[in-house]
Protein chains: 2
Amino acid sequence: MQRASALGPLGILGGGQLGRMTAEAASRLGVDVVVAERFQRSPAARIAAHEVVFPGATWDDDDAIERFADLAPVVTLENEFVDAGVLRKIEARGSRVWPGPTSVGTVQDKLRQKHALAQAGLPVPPFRRVEEPGDLLHLAGELGWPLMLKARRDGYDGSGNVLVANDAGSVEACRKLGWPERTLYVERQVRFLRELAVIVVRGRDGQSVVYPVVETRQDPLLHVCRMVLAPAPVDPVIAREAARVAKAAIEAMDGVGAWGVELFLLEDGSLSVNELAPRPHNSGHYSIEGCVTSQFENHVRAVLGLPLGEPTLVAPAVGMVNLLGQGAPCVSTGGLERALRIPGAHVHLYGKHESRPGRKMGHVTATGQSLEDAMDRAQRAANALPI
Amino acid sequence: MQRASALGPLGILGGGQLGRMTAEAASRLGVDVVVAERFQRSPAARIAAHEVVFPGATWDDDDAIERFADLAPVVTLENEFVDAGVLRKIEARGSRVWPGPTSVGTVQDKLRQKHALAQAGLPVPPFRRVEEPGDLLHLAGELGWPLMLKARRDGYDGSGNVLVANDAGSVEACRKLGWPERTLYVERQVRFLRELAVIVVRGRDGQSVVYPVVETRQDPLLHVCRMVLAPAPVDPVIAREAARVAKAAIEAMDGVGAWGVELFLLEDGSLSVNELAPRPHNSGHYSIEGCVTSQFENHVRAVLGLPLGEPTLVAPAVGMVNLLGQGAPCVSTGGLERALRIPGAHVHLYGKHESRPGRKMGHVTATGQSLEDAMDRAQRAANALPI
């Protein structure tokens, strides 16, 4: 039998919605997908040609790594918490991993990430290593109270951060973040006007495409992205600078594939890099309907060594609203019907079996002639579909 | 464990590219898919949560039907050659099949299809039942030579049709189409200026959406669709009439889901229905990037009983060019690279393992400000990717 594709199968480490949307993009290009996850029948595995289940809660299982590497000559990740050591073991089995283990290792440690960004001359808040709670008093002398205390590894969506108001709270804050098992660092607290984000996709050849700069708005209680406005309603000069910083940040990491760059827009109009994610990012979901080429298709192209597609918007404005879990027993058919009746609302559901408060269960995108129009329709569809 | 979707799994009879693109649309809505096919690892099955393999070459296998119906409360088809009797057996197992067995049974027999269209007052060429070759001489007295002789069942893409020039060719033509095992009918040969097509998606509630009228151009040797121009470059009066006829045709069939309606535009400016397909249709692939809601998403919505989305174009013009097999051993990476470099060319590959001459291996879609621009880019990308 002849093989009609020279590409793939493509391995994806992680079976959540990012893997599922990556697999949808791979399908369009005729590329088979292998999904690795620590449980069976994950959202991405249910649309993949092959599934490798890692036993227990660990990614560091030699048998599963061998099976995965045997199936997938090229591997990427949707879960940046897979230790870089595991990525190296996959490469030792003969597969290529993109982004590479060194890039991922740098990003996984937020202190090393900040060092690398600062060394590249990119704007980051002042930061310092923390060895023990007693360090905070001294560091506050340099950076000022309150301090933003962060775990160096495995934080996401606002977990892994604690704002420490004064020295009396130091021990409790460090323990809350898992010290002394987990290592910590502090940043000067940043006062920002808006949060911006940029998707950069960089090919194996070092060429990159930069998506439009967007504004992200977080849920104030859940500390989870609630909505995305594309393009960000900011001065074009600021947007250009955000795009420049984002591209340079991914180059500083020698990143490959789609990366999310989160930025703060400060009160003086300057920018500060908050965090990088070495994978497709929630702030880029709008690109599926909103851009000529989605972040997911460009991610697949990049890791397979194919040329990248245009990241430009297909409409003047695009709005995206996350469907955050409210613990509903299932997707209500009536709610889905109401959401689908909103003109031009593109409803995405991730096929997760269980809704938990704040969990990302899906999202809605709408394109429009103005941000007000696009956001209004995306928001109305999201409101119609409690989940 | 709670279930986050009340919908699905959705069963799809047939595992080719139409099933695969339907499964991609289902994935976005969080709906699991079960693909039934007569061989393992079909293009659609490789992105489906479940696969049911029918043994041998038959769809009429009670065990497989039972397994399929047990998995899928709602079933649709991408292969209209599955006998309506099999669809009835699936319904007898408690699943709903959309479009319904009665609609599919009427369409499967092209003579009954033509009768139903004529009874609904829709324009079709004059046609007559053929019992044996000797009938043709008499029928030519009414309809004129040459006659278009057609098999009543199982023809597609130009197979199943023979043009008979005179009575001397009658026996050979009938035998070529499988007579006396297969039954036949004749139509008056239609002289047309253009071939048009319309996708109509009709919900379980009888509401339907009508996609823009497109022009299809066939490969003159292969008798396979080579390209689609959306919207068709015809007078708006003709396009309106084509849309009206197409909608009425699907209503006459009591169709549900996406249907393709092929029409001839005659020299006098009138229209004639050529054939109906009770499934998503090649002439609607442009809708994935070219319309607010693709034919595949609306097909999924329709068969699941959800409201339909807008079928309107997102750009002034959309071009689609099929990638017809040339027997290449595999997709050339160099060819794919060249195709992906064409700005705005959306390359779809179907993941078929073997390329055969004329086989539909993929397609390319491009949107543009004019048909010339869109078709040029789609054609250049297709030319770059021999397959």
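Keep in mind that what you see is a predicted model, and the values were worked out from it rather than measured.

The next point concerns the overall build of chain A. Scanning chain A from terminus to terminus reveals 12 helices and 18 strands. A globule of 387 residues ought to have a C-alpha radius of gyration of about 21 Å, and chain A, at 21 Å, matches this closely. If you line up chain A on its principal axes, its C-alpha atoms span 70 × 50 × 45 Å. Expressed as a percentage of contacts within chain A between residues at least 6 apart in sequence, the contacts between residues at least 24 apart total 62%. Computed over 42 positive and 45 negative side-chain charges, the inter-centroid distance for chain A is 2 Å.

Before going further, it helps to spend a moment on the interface of chain B and chain A. Counting from both sides, the interface comprises 51 residues of chain B and, opposite them, 51 residues of chain A. The contact between chain B and chain A buries some 4500 Å² in all, and 50% of this surface belongs to carbon and sulfur atoms. At the surface where chain B touches chain A, the tally comes to 4 salt bridges. The salt bridge partner of B:Asp32 is A:Arg46, with a shortest N-O separation of 2.9 Å. The interface formed by chain B and chain A includes 17 residue pairs in polar contact (both at pLDDT 80 or more). Looking at the side of chain B that touches chain A, the elements with two or more residues in it are α1 (17-28), α11 (333-340) and β17 (346-349) of chain B. Residue composition of the side of chain B that touches chain A, grouped by class: 23 nonpolar, 14 polar and 14 charged.

Let's shift gears to unusual backbone geometry. Residues and elements named next belong to chain B. Each neighbour pair has its own omega, and for Gly 8 with Pro 9 the value is -5°, a cis peptide bond. Here Pro 9 is to be found in the segment before β1 (10-13). Residue Pro 180 is bonded to the preceding Trp 179 through a cis peptide linkage, with omega at 10°. Locating Pro 180 in the fold gives a position in the loop between α7 (170-176) and β9 (184-188).

This part covers the relation of the copies chain B and chain A. Copy one and copy two of the chain differ by a rotation about an axis and a translation along that axis. The two copies are related by a screw motion: chain B maps onto chain A through a turn of 180° and a shift of 0.0 Å along the axis, at an RMSD of 0.0 Å. Overall, the copies show the geometry of a two-fold rotation axis. The C-alpha atom lying nearest the rotation axis in chain B is that of B:Ile47; the distance is 2.1 Å. Counting the interface residues of chain B, we find that 100% of their copies in chain A are interface residues as well, pointing to one common contact surface.

Our focus in this paragraph is the sheet that holds strand β4 (residues 74-77) of chain A. Residues and elements named next belong to chain A. The sheet built from 5 strands is open, its strands ordered β3-β2-β1-β4-β5 with parallel pairing. The open sheet is flanked by β3 (50-53) and β5 (96-97), the only strands paired with a single partner. Judged from the 4 bridges that link them, strand β1 (residues 10-13) and β4 form a sheet pairing that is parallel. Across the sheet, Leu 10 pairs through a bridge with Val 74, a residue of β4.

So, on to the pairing of strand β8 (residues 161-164) of chain A. Within a regular beta strand, the side chains point alternately toward one face of the sheet and then the other, so they alternate between its two faces. Residues and elements named next belong to chain A. Side chains Val 162 and Val 164 of β8 all project onto a buried face; the interleaved residues Asn 161 and Leu 163 project onto a face where none is buried. As judged from the 4 bridges shared by strand β7 (residues 147-151) and β8, these two strands associate in the antiparallel manner. Paired with Leu 149 across the two strands is Val 162, which belongs to β8.

Attention now goes to the packing of helix α1 (residues 17-28) of chain A against helix α10 (residues 295-303) of chain A. Residue and element names in this part refer to chain A. Look at α1 against α10: their axes get within 8 Å of each other, and the N-to-C directions meet at 70°. Classified by the angle between their axes, α1 and α10 sit roughly perpendicular to one another. Of the residues in α10, those touching α1 at Leu 18, Met 21, Thr 22, Ala 25, Ala 26 and Arg 28 are Phe 296, Glu 297, His 299 and Val 300. Grouping the constituent residues of the contact of α1 with α10 by class yields 6 nonpolar, 2 polar and 2 charged.

To continue, consider the packing of α1(A) against α1(B). Running from N to C, α1(A) and α1(B) point in directions that differ by 160°, and their axes come no closer than 11 Å. Relative to α1(B), the element α1(A) is oriented roughly antiparallel. When you trace α1(A) past α1(B), the crossing you get is left-handed. Where α1(A) abuts α1(B), its residues A:Arg20, A:Glu24, A:Ser27 and A:Arg28 lie against B:Arg20, B:Glu24, B:Ser27 and B:Arg28.

Further remarks concern the pairing of β7(A). Residues and elements named next belong to chain A. With 4 of its 5 residues buried, β7 lies for the most part within the structure. Strand direction decides the pairing type here: β7 and strand β9 (residues 184-188), joined by 5 bridges, are antiparallel. Paired with Ala 151 across the two strands is Leu 184, which belongs to β9.

All names here are of chain A. The strand order across the open sheet built from 4 strands is β6-β9-β7-β8, with neighbouring strands paired in antiparallel fashion. Two strands bound the open sheet, and with one partner strand each, they are β6 (127-130) and β8. With strand direction ignored, the average angle separating the axes of adjacent strands in the sheet is 25°. Its contacts with the sheet place helix α6 (residues 135-143) against β6, β7, β8 and β9, and it is angled at close to 170° to β6.

Before going further, it helps to examine helix α3 (residues 84-92) of chain B. Residues and elements named next belong to chain B. Turning to α3, its buried residues number three or more, namely Ala 84, Val 86, Leu 87 and Ile 90. The buried residues of α3 occupy one face: seen down the axis, they fall within an arc of 155°. Tucked into the core, α3 has its buried residues touching β1, α2 (62-71), β4 (74-77), β5 (96-97) and α4 (101-108). Taking the backbone nitrogen of Gly 85 as reference, a side-chain oxygen 2.7 Å away marks Asp 83 as the first, capping residue of α3. Residue Gly 94 follows α3 closely and has a positive phi angle near 105°.

Applying the stated criterion across every chain, the model contains 54 salt bridges over all chains. When the shortest N-O distance is used, the salt bridge between A:Arg129 and A:Glu131 registers 3.9 Å. The exposure class assigned to A:Arg129 is partly exposed, which follows from its relative accessible area of 46%. The partner of B:Glu66 in a salt bridge is B:Arg93, and the shortest N-O contact between them spans 3.6 Å. Of this pair, B:Glu66 sits in helix α2 while B:Arg93 sits in the loop between α3 and β5, placing them 27 residues apart in sequence. A cluster of three or more residues bridged by salt bridges with shared partners is formed by A:Lys110, A:Lys114, A:Lys150, A:Glu187 and A:Glu275.

For the rest of this paragraph, the subject is the environment of A:Val213. All names here are of chain A. Its location among the elements puts Val 213 in the loop between β11 (208-210) and β12 (214-218). Once the C-alpha coordinates of Val 213 and Asp 109 are considered, the two residues, 104 residues apart in sequence, prove to be 25 Å apart. Discounting chain neighbours no more than four positions away, the residues touching Val 213 are Leu 196, Ala 197, Val 198, Pro 231, Ala 232, Ala 239, Ala 242 and Ala 243.

Attention shifts here to the environment of A:Ser95. Residue and element names in this part refer to chain A. Turning to its location among the elements, Ser 95 is positioned in the loop between α3 (84-92) and β5. Ser 95 sits 92 residues away from Glu 187 along the chain, and the two C-alpha atoms are 37 Å apart. Those residues in contact with Ser 95 that sit more than four places away from it in its chain are Ala 69, Ala 72, Pro 73, Val 75 and Ile 90. Polar side-chain contacts of Ser 95 include one of 3.1 Å to the backbone oxygen of Ala 69.

The rules we used
Residues numbered from 1 in each chain as written. Chains lettered and ligands numbered in written order. Predicted model: local features only at pLDDT ≥ 70, side-chain atom pairs only at ≥ 80, totals over all residues. Heavy atoms only, no water. Helix = DSSP H or I, 4+ residues; strand = E, 2+ residues; numbered from the N terminus. Rg over C-alpha atoms; globule rule 2.2 N^0.38 Å. Contact = heavy atoms within 4.5 Å. Lys, Arg positive; Asp, Glu negative; His and termini not counted. Charge placed at Lys NZ, Arg CZ, Asp CG, Glu CD. Buried area = accessible area lost by both parts, 1.4 Å probe. Salt bridge = Lys/Arg side-chain N within 4 Å of Asp/Glu carboxyl O. Polar contact = N/O pair within 3.5 Å; in protein donor to acceptor, adjacent residues only side chain to side chain. Nonpolar A, V, L, I, M, F, W, Y, C, P; charged D, E, K, R; others polar. Least-squares fit on C-alpha atoms with pLDDT ≥ 70 in both. Pairing = 2+ DSSP bridges. Buried < 20%, exposed > 50% of the residue type's maximum accessible area, 1.4 Å probe, protein only. Axes fitted to C-alpha atoms, helices over the stretch in contact; angles between N-to-C directions. Parallel < 35°, antiparallel > 145°, perpendicular 65-115°, else oblique. Left-handed = near helix turned anticlockwise from the far one by under 90°. Arc of directions from axis to C-beta.

The quantities given are spatial measurements derived from coordinates; they are silent on function.
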